[in-house]
Amino acid sequence: MEKEKQQKTEVQKEQNQEIEDYGQVTLEEGEHRIRLLNIIGEIEGHECLASNAKTTKYEHVIPQLAALEGSPSEEGLLVLINTVGGDVESGLAIAEMIASLSKPTVSLVLGGSHSIGVPLAVSADYSFIVPTGTMMIHPVRMTGLIIGVPQTFDYFQKIQARISDFITTHSTISGERLSKLMLETGELTKDVGSVLVGGQAVKEGLINEIGGIAQAFKKLRTLIEEK
């Protein structure tokens, strides 16, 4: 009895460490083992962000997703999202990994899924958003030195096309409508773009359904059982 108690304590410690280090943990959901991935704060790219910033590091997430694909015991992935966006390349890399998993995946937008968070939200097999959750859609932004030559603008367009193509491929929104939302001038102060709240994201075809954690777990269980 004491040995069993010790083992449970050790397992709990390992889970707590996984959450602290990587924002991930494996959950025993009834008969199913589900990998939970938490995408929060800013998506960190090739450069480290400030130590006081909440970040999701792609070098942590990508190996864990690869491990999930190769794990015979874990049957599905639940992605919880509350992000302001961040590095385009890293965000797209994570989204492509999620989209290419052979195991059932469900995403849930909590506080927000802004900018490059939009591809992350739509990358799952099925997506939910809470009623107060938001999604901010805007054109790609760049920081640092920008050279004012035609090649720079061509590069911008290629990056934007990659993001838009991914979103339209993994959701039901049309490219034309997505472009219109991105270039909206009447919503964001000193910027272009749109903010979709809860049901608006569903209506536009970005997200499948309004729901919370209970609905997300239920859908993931269904997908696992169907598979």
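Above this text you will find the structure in question.
Parameters at a glance
Residues numbered from 1 in each chain as written. Predicted model: local features only at pLDDT ≥ 70, side-chain atom pairs only at ≥ 80, totals over all residues. Heavy atoms only, no water. Helix = DSSP H or I, 4+ residues; strand = E, 2+ residues; numbered from the N terminus. Buried < 20%, exposed > 50% of the residue type's maximum accessible area, 1.4 Å probe, protein only. Contact = heavy atoms within 4.5 Å. Areas by Shrake-Rupley, 256 points an atom, 1.4 Å probe, with all protein chains shown as cover. Axes fitted to C-alpha atoms, helices over the stretch in contact; angles between N-to-C directions. Parallel < 35°, antiparallel > 145°, perpendicular 65-115°, else oblique. Left-handed = near helix turned anticlockwise from the far one by under 90°. Nonpolar A, V, L, I, M, F, W, Y, C, P; charged D, E, K, R; others polar. Patch = residues over 30% accessible without salt bridge, like charges linked within 9 Å, V, L, I, M, F, W, Y side chains within 5 Å. Salt bridge = Lys/Arg side-chain N within 4 Å of Asp/Glu carboxyl O. Pairing = 2+ DSSP bridges. Right-handed = clockwise from strand over helix to strand, strands pointing away. Polar contact = N/O pair within 3.5 Å; in protein donor to acceptor, adjacent residues only side chain to side chain. Phe/Tyr/Trp six-rings, centres within 6.5 Å; stacked < 30°, edge-to-face > 60°. Lys NZ or Arg CZ within 6 Å of the ring centre and 35° of its normal.

J.: Break down the overall build of the chain for me, citing the residues and quoting the values.
T.: For the chain, the count of helices and strands is eight helices and nine strands. Taken across its 227 residues, the chain has 43% of its residues classed as buried. Considering only residue pairs separated by 6 or more positions, the chain has 66% of its internal contacts joining residues 24 or more positions apart. Summed over all atoms, the accessible surface of the chain reaches about 12400 Å², with 53% contributed by carbon and sulfur.

J.: Please set out the packing of helix H3 (residues 88–100) against helix H5 (residues 150–169) residue by residue, giving values where relevant.
T.: Each pair of packed helices can be described by the angle between their axes along with the distance between the axes. Remark: H3 packs on H5, axes separated minimally by 11 Å, with the N-to-C direction vectors making an angle of 25°. Taken together, the axes of H3 and H5 lie roughly parallel to each other. Regarding H3 and H5, the two cross each other, and that crossing is left-handed. Contacts between H3 and H5 pair Val88, Glu89, Leu92, Ala95, Glu96 and Ala99 from the former with Tyr155, Ile159, Arg162, Ile163 and Phe166 from the latter. Along the lines of polarity and charge, the residues of the contact of H3 with H5 split into eight nonpolar, no polar and three charged.

J.: Account for a nonpolar patch on the surface, naming residues and giving values.
T.: Together, Met142, Ile146 and Tyr155 line one region of the surface with nonpolar side chains, adding up to about 280 Å² of accessible area. Mapped onto the elements of the fold, Ile146 is located in the loop between strand E7 (134–137) and H5.

J.: I'd like a rundown of the pairing of strand E4 (residues 76–86), residues and numbers included.
T.: E4 sits mainly inside the fold: eight of its 11 residues count as buried. Relative to E4, strand E2 (residues 32–44) runs parallel, the two sharing 10 bridges. Across the sheet, Ile39 pairs through a bridge with Ile81, a residue of E4. Here six bridges tie E4 to strand E5 (residues 105–113), and the two strands are oriented parallel to one another. The residue of E5 that forms the bridge with Leu80 is Leu108. You can see the chain leave E4, run along H3 and come back into E5, and the turn it takes is right-handed.

J.: Tell me what's going on with the side chain of Thr83, and back it up with residues and numbers.
T.: Within the secondary structure, Thr83 is located in strand E4. A distance of 2.7 Å separates the side chain of Thr83 from the backbone oxygen of Gly41, its partner in a polar contact. Not counting residues up to four positions away in its chain, the partners in contact with Thr83 are Ile39, Ile40, Gly41, Glu42, Ile43, Gly112, Ser113, His114 and Gly117.

J.: Just give me the short version of the packing of aromatic side chains, but keep the residues and values in it.
T.: Under the counting rule described, the total for this entry stands at one aromatic pair. With a centroid separation of 5.2 Å and 55° between ring planes, the pair formed by Tyr126 and Phe128 is classed as tilted. Taken as a pair, Tyr126 and Phe128 share a single burial class, namely buried. It is Lys219 that lies over the ring of Tyr126; its NZ or CZ is 4.4 Å from the centre.

J.: Mind laying out the pairing of strand E8 (residues 194–197), listing which residues take part and the relevant values?
T.: Burial of E8 is one-sided: the residues Ser194 and Leu196 facing one way are buried, the residues Val195 and Val197 facing the other way are not. One ladder, built from four bridges, connects E7 with E8; its direction is antiparallel. What sits directly across from Thr134, in E8, is Val197.

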